[in-house]
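Residue-level structure breakdown
For reference, the chains in residue letters:
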Amino acid sequence: MGVVSPVGSTVEGAWKRVVEGRSGVRTIDAYDVSHYPTRFAGLVEGFDVDAYLSSRDQRRTDAFVHYGIAASQDAVAHSGLDIAANADRVGVNVGSGIGGIGTIEQNAVVLEKTQSIKKISPFFVPSSIINMVSGYVSILLGARGPNLATVSACATSAHSIGLGARMIMHGDADAMIVGGAEAGSSPMGLAGFCAARAMSTRNDAPEQASRPWDRGRDGFVLADGAAVIVIESEEHAKARGAEILAELAGFGMSGDAYHVTQPAEDGNGAARAMQAALADAGIGVDQVDYINAHATSTKVGDVAETQAIKGVFGEHAYKIPVSSTKSVTGHLLGAAGGIESIFAVMAIRDGIVPPTINLEDPDDGCDLDYVPTTAREQSVDCVLSNSFGFGGTNASLVFRRYA
């Protein structure tokens, strides 16, 4: 596993911050935000791009590519996978919800000011297109199997992971490097979400802005980063003596067919994705020990997901801890499902359910066990992780202790 995030750029460091409930959200200082209604984000912390890319390649690529390459390299190093020994059977699917928006807007400004294509970088297109993380990772690491990039808004990483598993099961690869990367906190990225009135405006206390299920929530918190995991067939992992961290036991997808940005109030699309993931894993609702919710801190979304969980789990929903690590990290958009999958695996490893910070007064209709404020030690053998995105796209993953 590999991560670049607002709570640190190592898996252990990020997990520690999440368990401790120490927010990674802060005021943006890279450009003037005084005229923005939202002036903060979950900004990447503790990342040294020089450790992963030459100065030449840095200049030729957007920040989201930097993050994705770093998380991928760390994940492969952590896995101990010898790609050269099996290059044709190792694939890459590291997607993004937005891609190189910072590079796009910078070049647009240059063109507008100069009216000259000679001032546009010849690397503009390859530096900003979404599949370039997968492309670079393949080139740098020599992975010659399937090479693609899933794009499904905030469900991108979860789809990348689930579809990577399906490729392995179908025989297209023995191992896949999967996840997502995002660097959307550019001036245009921030402006776009501000214009949509989707984000919190709690500028006086940014670290308290992401507050899923709380009555005082007023929108999500934009965040940057990347999260990548290495998945492989059990046979391949055992043959090379790999340390198996968990089993990816189930994957489910659905479409809301309802609205471009809002889920149906009853959360039926989310419910169908969860049901499909549980069915794929071959488990009952009583076997899930923890749900890492999508829960972004929006008025409609948080309630809809709660309704979906109740619809799937029935009375058992009240017995399962449900938390949102986005309360600590902010919302990493296309990388969210990746980092939350990592947290799911860490919850299994350490027997800790991470908290939902800033949850002080649960809103009407939000009456599950959201693990408010403080992490909880308990046995965790099976985790359901949810990711939903604009366009009504939904993905759920089931991770299980490997025995």
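This section reports on the structure supplied with the text. Since we're looking at a predicted model, the values are computed, not measured.

1. Remarks on the overall build of the protein chain
Summing up its helical and strand segments, the protein chain has 13 helices and 14 strands in all. Relative to a compact globule of 403 residues, whose C-alpha radius of gyration would be 22 Å, the protein chain shows 20 Å and is just as compact. Expressed along its principal axes, the backbone C-alpha trace of the protein chain runs to roughly 65 × 55 × 40 Å. By the burial criterion, 59% of the 403 residues in the protein chain qualify as buried. In the protein chain, 78% of the contacts between residues at least 6 apart in sequence involve partners at least 24 apart. Summed over its atoms, the accessible surface of the protein chain is roughly 15,700 Å², and 52% of this surface lies on carbon and sulfur atoms. Looking at the protein chain, you have 30 positive and 46 negative side-chain charges, and the mean spots of the two groups are 4 Å apart.

2. Side note on the state of the cysteines
In the structure shown here, the tally under the stated rule is zero disulfides. Residue Cys 366 stays outside any disulfide, its sulfur separated by 19 Å from that of Cys 154, the closest cysteine. On the basis of relative accessibility, which here comes to 4%, the residue Cys 366 falls in the buried class.

3. Notes on the side chain of Glu 305
Tracing the backbone shows Glu 305 in helix α11 (residues 299–313). No salt bridge forms around the buried Glu 305; measuring N to O, its nearest opposite-charge neighbour Lys 326 is 7.0 Å away. With residues near it in sequence (within four places) discarded, Glu 305 still touches Ala 293, His 294, Ala 295, Asn 386 and Phe 388.

4. So, the sheet that holds strand β7 (residues 225–232)
The mixed open sheet is built from five strands, whose spatial order is β1-β7-β6-β4-β5. Two strands bound the open sheet, and with one partner strand each, they are β1 (2–4) and β5 (147–148). Relative to β7, β1 runs antiparallel, the two sharing three bridges. Residue pairing across strands places Val 4 opposite Ala 226, the latter belonging to β7.

5. Considering helix α13 (residues 336–350)
Here α13 contains 15 residues, and its C-alpha end-to-end distance of 21 Å stays within 8% of the 21 Å for a straight helix at 1.5 Å per residue. Of all 15 residues in α13, 13 are buried; the element is thus mostly enclosed. The positive-phi residue at the C-terminal boundary of α13 is Gly 351, with phi of around 65°.

6. Concerning the pattern of salt bridges
Applying the stated criterion across every chain, the model contains 23 salt bridges. The shortest N-O distance in the salt bridge between Lys 299 and Asp 363 comes to 3.8 Å. Note that Lys 299 is positioned in helix α11 and Asp 363 in the loop between β11 (352–353) and β12 (376–377), a separation of 64 residues in sequence. On the basis of relative accessibility, which here comes to 42%, the residue Lys 299 falls in the partly exposed class. Exposure remark for Asp 363: the relative accessible area of 14% places this residue in the buried category. A salt bridge links Arg 401 to Asp 381; the shortest N-O distance between them is 2.6 Å. Here the residue Arg 401 occupies a position in the segment after β14 (393–400), and Asp 381 occupies one in the loop between β12 and β13 (382–389), the gap between them amounting to 20 residues. A relative accessible area of 37% means that Arg 401 is categorised as partly exposed.

7. Here's the deal with helix α7 (residues 156–170)
Its 15 residues give α7 an end-to-end C-alpha distance of 21 Å, which sits within 8% of 21 Å, the value for a rise of 1.5 Å per residue. Of all 15 residues in α7, eleven are buried, a share of seventy percent or more. Among the residues of α7, Thr 156, Ser 157, Ala 158, His 159, Ser 160, Ile 161, Gly 162, Gly 164, Ala 165, Met 167 and Ile 168 are the ones counted as buried. Positioned one or two residues after α7, Gly 171 has a phi angle of 95°, which is positive.

8. Here's the deal with the packing of helix α1 (residues 11–20) against α13
For the pair α1 and α13, interaxial distance at closest approach is 11 Å and the crossing angle is 80°. Taken together, the axes of α1 and α13 lie roughly perpendicular to each other. Contacts between α1 and α13 involve Val 11, Glu 12, Ala 14, Trp 15 and Val 18 from the former and Ile 342, Phe 343, Met 346, Ala 347, Arg 349 and Asp 350 from the latter. Class assignment for the residues of the contact of α1 with α13 results in eight nonpolar, no polar and three charged.

9. Comments concerning the packing of aromatic side chains
In the structure shown here, the tally under the stated rule is six aromatic pairs. Their ring planes at 20° and their centres at 5.9 Å tell us that Phe 47 and Tyr 52 sit as a pair that is stacked. Take Phe 47: its relative accessible area is 23%, and that puts it in the partly exposed class. An aromatic cluster is built from Phe 47, Tyr 52 and Tyr 67, whose rings are joined through pairwise contacts.

10. Things to note about the sheet that holds strand β10 (residues 322–323)
Spatially, β8-β14-β13-β9-β10 is the arrangement adopted by the five strands of the open sheet, whose pairing is mixed. The outermost strands of the open sheet, each flanked by one partner alone, are β8 (247–255) and β10. As paired strands, β8 and β14 are joined by eight bridges and run antiparallel to one another. Bridge pairing in β14 links Leu 248 to Phe 399. Packed onto the sheet, α7 meets β8, β13 and β14 and runs at close to 115° relative to β8. On top of the sheet, helix α10 (residues 268–281) reaches β8, β13 and β14; it is set at about 150° to β8, its chief contact.

Parameters at a glance
Residues numbered from 1 in each chain as written. Predicted model: local features only at pLDDT ≥ 70, side-chain atom pairs only at ≥ 80, totals over all residues. Heavy atoms only, no water. Helix = DSSP H or I, 4+ residues; strand = E, 2+ residues; numbered from the N terminus. Rg over C-alpha atoms; globule rule 2.2 N^0.38 Å. Buried < 20%, exposed > 50% of the residue type's maximum accessible area, 1.4 Å probe, protein only. Contact = heavy atoms within 4.5 Å. Areas by Shrake-Rupley, 256 points an atom, 1.4 Å probe, with all protein chains shown as cover. Lys, Arg positive; Asp, Glu negative; His and termini not counted. Charge placed at Lys NZ, Arg CZ, Asp CG, Glu CD. Disulfide = S-S within 2.5 Å. Salt bridge = Lys/Arg side-chain N within 4 Å of Asp/Glu carboxyl O. Pairing = 2+ DSSP bridges. Expected span 1.5 Å × (residues − 1). Axes fitted to C-alpha atoms, helices over the stretch in contact; angles between N-to-C directions. Parallel < 35°, antiparallel > 145°, perpendicular 65-115°, else oblique. Nonpolar A, V, L, I, M, F, W, Y, C, P; charged D, E, K, R; others polar. Phe/Tyr/Trp six-rings, centres within 6.5 Å; stacked < 30°, edge-to-face > 60°.

What is shown is where atoms sit, not what they do.
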